[in-house]
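Observations on chain architecture
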Amino acid sequence: MAAMRGYIKKALVLGACFMGCGAAMPGMAADALPSGDGGVSAFYQWAAPLPQAYGTVLRQETYEALGLGYHGYRVLYTARDGVREGQIAPVSGVLYLPQGKPPAAGWPVVAWAHGTTGVADVCAPSWRGSSPRDLAYFKKWLNHGYAVFGTDYQGLGTQGVHPYLLYKPEGYSILDGVQAVLKAYPHLLANDIVVVGQSQGSGAALGAGYLAPQVAPDLHILAVIASGLVLDIQDRHQAPFIAESAYQGGDDVDAAYSTLYFLGSLQALGYQGLSGLIRDKGREIIDLASHACLHDLMDYAKARHMKADDIYTPGVEHYEHMAQQARMLPDAYQKAPVFTATGLADSEAGIIPQYNAIAALCAADDHVEWHYYPGLTHSGTVNVAFADELHFITALRAGRRPVSNCKALHAPGPLQVPDQHVPFNY
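Being a predicted model, the structure only gives us computed values, none of them experimental.

Counted under the stated rule, the structure contains two disulfides. A sulfur-sulfur separation of 2.1 Å characterises the disulfide bridge that pairs Cys-123 with Cys-293. The sign of the -110° torsion about the S-S bond sets the Cys-123-Cys-293 disulfide as left-handed. Placement of the pair is Cys-123 in the loop between strand E4 (107–113) and helix H2 (125–128) and Cys-293 in the loop between helix H7 (283–288) and helix H8 (294–303), with a sequence separation of 170 residues. Take Cys-123: its relative accessible area is 0%, and that puts it in the buried class.

Counted by the stated rule, this structure contains seven salt bridges. Arg-84 is the salt-bridge partner of Asp-81, the closest N and O atoms lying 2.7 Å from each other. Classification of Asp-81 by relative accessible area gives buried; the value is 3%. In this structure, Asp-192 and Arg-397 form a salt bridge, with 3.2 Å as the shortest nitrogen-oxygen distance. Here the residue Asp-192 occupies a position in strand E6 (residues 189–198), and Arg-397 occupies one in helix H12 (residues 386–397), the gap between them amounting to 205 residues. For Asp-192, a relative accessible area of 14% translates into the label buried.

We now examine the environment of Gly-160. As for its placement among the helices and strands, Gly-160 is situated in the loop between strand E5 (147–151) and helix H4 (167–184). Residues Gly-160 and Gln-198 lie 38 residues apart in sequence; the distance between their C-alpha atoms is 24 Å. Not counting residues within four places of it along the chain, the set of residues in contact with Gly-160 comprises Ser-35, Asp-37 and Gly-155.

Look at H4 against helix H5 (residues 200–215): their axes get within 7 Å of each other, and the N-to-C directions meet at 75°. Taken together, the axes of H4 and H5 lie roughly perpendicular to each other. Along the contact surface, H4 presents Tyr-167, Lys-168, Glu-170, Gly-171, Tyr-172, Ile-174 and Leu-175, while H5 presents Gln-200, Ala-204, Ala-205, Gly-207, Ala-208, Tyr-210, Leu-211, Ala-212 and Val-215. A breakdown of the residues in the contact of H4 with H5 according to their chemical character gives 11 nonpolar, three polar and two charged.

Calculation criteria
Residue positions are given per chain, counting from 1 as you read along its sequence in written order. Where totals are concerned, whole chains, interfaces and linings use all residues; where local detail is concerned, this predicted model gives features only for residues with pLDDT of at least 70, and gives and counts side-chain atom pairs only at 80 or more. Only hydrogens and water are set aside when side-chain values are computed; all heavy atoms of the structure are taken into account. When two cysteine sulfur atoms are found within 2.5 Å, that pair is recorded as a disulfide. A helix here means a DSSP run of H or I that spans at least four residues, while a strand means a run of E at least two residues long, and both kinds are numbered starting from the N terminus. Accessible area is worked out with a 1.4 Å probe on protein chains only. A residue is then buried under 20% of its type maximum, exposed over 50%, and partly exposed in between. Salt bridge criterion: a side-chain nitrogen from Lys or Arg within 4 Å of a carboxyl oxygen from Asp or Glu. Should any heavy atoms of two residues lie within 4.5 Å, those residues are counted as being in contact. Orientation is described by lines fitted to C-alpha atoms, with helices fitted over the stretch in contact, and by angles between N-to-C directions that extend from 0 to 180 degrees. When describing relative orientation, an angle under 35 degrees is termed roughly parallel and one over 145 degrees roughly antiparallel, while 65 to 115 degrees is termed roughly perpendicular and anything else oblique. Each residue gets one label: Ala, Val, Leu, Ile, Met, Phe, Trp, Tyr, Cys and Pro are nonpolar, Asp, Glu, Lys and Arg are charged, and the others, such as Gly, are polar.

Here is the structure:
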């Protein structure tokens with residue numbers, strides 16, 4: 001279990017594998033785990049045959065986010081299935097529009113990739129609503145004339161397992177979702193895209209950036225913005241790597257993320273016999289994750305002083321090893337310029353893993369502008385970094401390519417104490 005614990009705590013994994021890539025361990029039954037389906041409205045259910053064209057809106061309805069003050073649409077669209085090669089999946093999301101008349105070419109689009117919410121359908125942001133932190137962030141972009149499109153990702157809200165942290169299904173959900181709304185709202189939106197992601201979404205955003213030249217070359221992706229990086233890369237281009245120190249996120253946080261990893265990532269990869277790896281003490285939190293969300297799992301684990309080791313048997317390390325190889329982003333190369341933001345009080349994603357990821361992006365000769373933010377946490381960095389992000393994007397849209405500061409990249413010092421005066425800096 002030590003390997004499993006370290007794997008989740010470092011929050012360093014991304015990648016993809018198709019169904020059947022893992023074999024069952026001898027003597028284990030292929031018992032089904034809960035998928036997390038259900039609890040949402042009929043909007044998310046598509047009973048008719050899916051059109052074989054990806055990037056197509058299937059249905060839409062008006063959507064108002066409480067406290068945002070901007071008009072929006074909830075959308076259901078087709079995307080490439082990132083687990084079952086060659087198939088199409090229904091995916092849900094939400095589109096927010098700025099106020100007033102759009103410019104002649106349409107509003108540029110921020111394609112938002114959300115952080116971890118859970119693996120149950122009810123955790124889809126377009127259903128349960130986005131957090132006050134994320135709504136505050138959206139409002140900043142909307143106030144500056146950007147539409148915001150946020151995918152829920154494959155399997156969140158819609159049928160099937162959510163392939164948690166796998167870059168192909170998440171990347172396809174972003175790219176095909178943007179193509180869908182561009183086609184559905186041609187007079188409102190411009191093919192001028194900024195892909196933005198935080199935490200789980202940082203890997204999704206960079207996954208989309210990696211995939212775009214191959215699968216969506218018609219999309220004009222101006223840049224990729226990633227904060228609270230959760231990313232590991234197979235080809236690091238000989239970038240420096242620093243081993244992570246002890247995780248400081250807490251046992252309850254670790255247990256919650258480990259549950260989502262098990263129920264989402266491992267199950268989506270098609271591994272058999274997973275239910276035989278769950279300890280009696282872990283069965284209730286596994287069941288809870290099928291209909292509750294991240295902070296519910298944290299509360300459950302905290303109330304019971306639960307650790308990740310309490311949930312699984314040592315046999316899970318077999319799957320961990322396979323998943324680690326299957327989930328990594330194959331290469332650090334990004335065609336579009338990249339902006340990264342790391343809070344130096346980020347105990348969830350860790351500051352050393354983020355440095356390692358940024359170093360790999362820099363070693364691949366990507367155009368990277370990295371920023372460290374003293375006293376900011378995994379959550380607090382999101383809104384504080386906006387001013388620097390906007391400056392970066394404004395320069396790019398004006399035809400000025402900002403100078404990469406990769407040569408100045410350095411390893412951060414010890415984890416800092418959060419600044420209690422910054423909003424959302426918990």
